[in-house]
Amino acid sequence: MTTASSASSSRDLPHPAREEIRLEGVLHALSDPVRLRIVRELAAEGVELSCSYFDLPVTKSTTTHHFRVLRESGVIRQVYEGTAKMNGLRRGDLDALFPGLLDCLLTAAARQAVRHDVP
């Protein structure tokens, strides 16, 4: 994996370059309901959000794990802003690599949430 910038610091987080993002990794990352919920919220807000923004029904260590899986698969980009870790959806990269996939999955997830009364 490569980092987002060439000036590396101890607070830089590793992200796959666009060409390193794999479909099976993205699908795996989005197969978990908690991770799908994170992505749905990022897509709905359309801006970077801090980890603390998300009210997830899991422990802090499990939340960290979910964000790491999303980052390492190329679904989100995480950067530090001061002490906050900000999360942004890599929509441009995902749309370029897999046209329509993200929108299709988000639409399907929204329909499922309505049927099952899930946030």
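Residues numbered from 1 in each chain as written. Predicted model: local features only at pLDDT ≥ 70, side-chain atom pairs only at ≥ 80, totals over all residues. Heavy atoms only, no water.

Caption draft 1: Region of the structure containing helix α5 (residues 101-116). Taking 1.5 Å per residue as the helical rise, α5 with its 16 residues ought to reach 22 Å, and the 22 Å between its terminal C-alpha atoms agrees with that figure. Within the sequence span of α5, burial applies to Leu102, Leu106, Ala109 and Ala113. For α5, the angular spread of the buried residues around the axis is 65°, confining them to a single face. Exposed positions of α5 whose direction lies more than 90 degrees from the buried face are Cys104, Arg111, Val114 and Arg115. (Helix = DSSP H or I, 4+ residues; strand = E, 2+ residues; numbered from the N terminus. Expected span 1.5 Å × (residues − 1). Buried < 20%, exposed > 50% of the residue type's maximum accessible area, 1.4 Å probe, protein only. Arc of directions from axis to C-beta.)

Caption draft 2: Broad picture of the pairing of strand β4 (residues 76-81). Summarising the sheet, β4 and strand β5 (residues 84-89) pair through six bridges and their orientation is antiparallel. If you follow Arg77 over to β5, its bridge partner there is Gly88. Here β4 folds back onto β5 in antiparallel fashion, the turn holding two residues, of which Gly82 has a positive phi close to 65°. (Pairing = 2+ DSSP bridges.)

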